[in-house]
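Understanding the architecture of this molecule
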Amino acid sequence: MKYHNRICLFVLLLLLLCLGIGCGGTKETPESTAEEGERKALEKETELMAKLYETVYQEARQEGKLGELETAEKMLACLGRQGYTAIDWANQVDMVNPESVEAFQERVEQKEEGQVMVLKVLHNGDLLRIDCTTEEGKVTIRKISAAWEEDGSIHADIVEKFTAKVWKYTEKGYLMIEKEQPAGFDGPSGYEAIRVQPLDRICREMNRCYILPVSYRGNNFYLLNWTEDDYGEMCMADLYEPFYTLLYGERPGVEPEEGTVHISSQTLEQVFTAYLQVTPEQLRERISFDGSTGEYLWHSRGTAEVTGMELPYPEVTEVEERADGTIALTVEAVWAMEHTDQAFVHRVVICPGEDGTFYYQSNTILSDEKDPMSLYTKRLTEEELEESRMTGQTAQACFRTASEEERDKESSQDRMAREMEEKRKNRVSLLSIQEKSDMKKELLAVAEALAEEGADSEAGASRCHKSAAAAGGNGKDRICSGLQYGTGGSARDILPGLSGGQFSLSFQSCVRDPSPVNKKGQSLPLFARRRCQMLADSQQRNRHRHPFR
């Protein structure tokens, strides 16, 4: 009888437990339901904000004008008319309705409670909403991304929420923000620079026309003193690529993995004499020249010659038209990573021609707080480049030889099993964006869409992380973490190298052609071609080939 009573008591307790917490799952609390409702409301509200400039977006998309300055101005105007505070993705257009940010900054300084919302229109037309709240001098930031879909619909997601490690408002009117990042994090940058105060339109035009085309990455053009009579330690080989792009409106068709190429003297000298008062003799002293063929030896900078550090960007703050017809531009380096809008200051003198041409006359460093040359990564000489390539080939050959010796020791059955496993790994490393095969279909679709749109670090990475998680990933996927904007690695550049996506890259296509193209007939980026070339074990390309010879 006692045993029977114990059984009944146990069953009763089990029933009560099921009624209390719900059998087969966790009962939702009012708090979790409220949070979900708030999240959906925020996302819906953000989607409606993006729709304010939907007509501008759709027209620009059809005409191929997304990312252009005029398009950004129109989108910001739509948001500004509704009273929103908004900026473009690269601080090239004045912030609309900046008063709310200035009022918020006063509350931060006075350690009062306050909030402000800033909308950032991205280069592909997507919208990033930045909600800032402050209490006791600390600022908490929540970001919500609204992205346009292929069918013209808009979809918003909450990206992240964090307390700013650094919140600094400069005298010049820049808002510098830094997010706390774990050591070794290689995903999107945690630094942000937002220009709140307006900038003179002439300064902006001069900056876009003369300074930004060269900028600070991969050259020392603006990092040291020089004049047209003495070019000092300027590395002229670094300038072929930006000068070529400035002259012809497109990059030269040379990729880093091609190594040294031969460029005809006519082609290279025409590019340089368009922007510098330099003679062929001076060029041949500073850029490798083959006297027997009359060609220059040049290579596009590879990964070993480019810093991974986030660099400053130039901003013209003063324009002086001189009596001799030259124009002196005072340029300040804005560096989000160092929380400063004046990392260093320099003056560039331009000599414009009557027909719209111009040349650079001099550059002078005006501030000595930081040595600008510390930003410069030395360029390899053609000999050093060839040596590094030969070293890599020798190491690869040694590895193959050792591998072949090991194969001789294996039984035919073991060798077959190992080779099948190697092929499987090669295929996975080339085509898969994740180790889990059940994620592949979903992630490839996301990668294809992001690569097509050129998605940026915040909106693109957010969508990628969410889709990866929905497909069974952990939200820290390689392809998502690789999305970087403005630092040498946009989605369009990185995604095709890690997945098939729109490029239809496969093991068989690599064997047939070690340098495949995408569906549009465009050459694949460096990452994809390098993997493909390794997989197919292709021979080194002709080091003398150049499309302009």
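Residues numbered from 1 in each chain as written. Predicted model: local features only at pLDDT ≥ 70, side-chain atom pairs only at ≥ 80, totals over all residues. Heavy atoms only, no water.

**What about helix α7 (residues 240-248)?**
- All buried positions along α7 are accounted for by Y240, E241, P242, F243 and Y244.
- After α7 finishes, the residue G249 shows a positive phi value of roughly 80 degrees. (Buried < 20%, exposed > 50% of the residue type's maximum accessible area, 1.4 Å probe, protein only. Helix = DSSP H or I, 4+ residues; strand = E, 2+ residues; numbered from the N terminus.)

**A closer look at the environment of K44**
- Considering the arrangement of structural elements, one finds K44 in helix α2 (residues 30-50).
- On the basis of relative accessible area, K44 is assigned to the partly exposed category, the value being 45%.
- Sequence-wise, K44 and A146 are 102 residues apart; in three dimensions their C-alpha atoms are separated by 9.3 Å.

**As for the nonpolar core**
- Ranked by internal contacts, the top residues of the largest apolar core, which has 50 residues, are F221, M236, F243, F272, L276, L329 and Y360.
- Among the elements of the structure, α6 (201-211), α7, β9 (261-264), α8 (265-273), β11 (295-298), β13 (327-334), β14 (345-352) and β15 (358-365) are those that each provide at least two residues to this core.
- Look past the residues within four positions of F243 in its chain and what remains in contact with it is V214, F221, V271, F272, Y275, L276 and Y360.
- Core analysis: the second largest hydrophobic core is formed by 43 residues, L42, L79, M95 and C132 among them. (Core = buried A, V, L, I, M, F, W, Y, C linked by side-chain atoms within 4.5 Å. Contact = heavy atoms within 4.5 Å.)

**Some remarks on the pairing of strand β4 (residues 138-148)**
- Taken across its 11 residues, β4 has 9 buried, putting it largely inside the fold.
- The antiparallel pairing of strand β3 (residues 127-135) with β4 creates a hairpin that spans 2 residues between the two strands, and E136 there sits at a positive phi of about 55 degrees.
- Here β4 runs beside strand β5 (residues 154-169); their pairing, made up of 9 bridges, is antiparallel. Note on β5: the bridge partner recorded for T140 is T163.
- Here β4 folds back onto β5 in antiparallel fashion, the turn holding 5 residues, of which G152 has a positive phi close to 90 degrees. (Pairing = 2+ DSSP bridges.)

**Let's talk about the side chain of R195**
- For R195, the position within the fold is in strand β7 (residues 191-195).
- By relative accessible area, which is 4% here, R195 ends up buried.
- A polar contact is formed between the side chain of R195 and the backbone oxygen of Q197, at a distance of 2.9 Å.
- Not counting residues up to four positions away in its chain, the partners in contact with R195 are I87, N91, M95, K172, G173, Y174, R204 and E315. (Polar contact = N/O pair within 3.5 Å; in protein donor to acceptor, adjacent residues only side chain to side chain.)

**Some words on the sheet that holds strand β10 (residues 289-290)**
- Taken together, 3 strands build an open sheet; the order of strands is β9-β11-β10 and the sheet is antiparallel. Edge strands, defined here as strands with exactly one partner in the open sheet, are β9 and β10.
- Note: β9 against β11, 4 bridges, orientation antiparallel. Bridge pairing in β11 links I263 to Y296.
- In the packing of α8 onto the sheet, the strands contacted are β9, β10 and β11, and the crossing angle to β9 comes to about 70 degrees. (Axes fitted to C-alpha atoms, helices over the stretch in contact; angles between N-to-C directions.)

**Describing the confidence of the model for the protein**
- With 64% of its residues at a pLDDT of 70 or more, the protein shows a mean pLDDT of 77.
- Here residues 19-26 is modelled with pLDDT under 50, and outside its nearest four sequence neighbours on either side it reaches 4 contacts, counting other chains as well.
- Taken together, the stretch residues 394-403 has pLDDT below 50 and engages in 1 contact with residues farther than four places along the chain or on a different chain. (pLDDT = per-residue confidence, 0-100.)

**With respect to the pattern of salt bridges**
- A full pass over the atoms with the stated rule returns 25 salt bridges.
- A salt bridge links E36 to K40, with the nearest nitrogen and oxygen atoms 3.9 Å apart. Of this pair, E36 and K40 are both found in helix α2, 4 residues apart, which corresponds to roughly one turn of the helix.
- Residues joined by salt bridges that share partners form a network here, namely E36, R39, K40 and E43. (Salt bridge = Lys/Arg side-chain N within 4 Å of Asp/Glu carboxyl O.)

**Concerning the sheet that holds strand β1 (residues 85-88)**
- With mixed pairing, the 7 strands of this open sheet are ordered in space as β1-β2-β3-β4-β5-β6-β7. With partners counted over all chains shown, the strands left at the sheet margins are β1 and β7, one partner each. With direction set aside, neighbouring strand axes in the sheet form an average angle of 30 degrees.

**Let's talk about the environment of T163**
- Structurally, the position occupied by T163 is in strand β5.
- According to the relative accessible area criterion, T163 is partly exposed, its value standing at 44%.
- Distance from T163 to T133, taken between C-alpha atoms, is 9.5 Å for residues 30 residues apart in sequence.
- Each residue touching T163, except ones within four places of it in the same chain, is listed here: V139 and T140.

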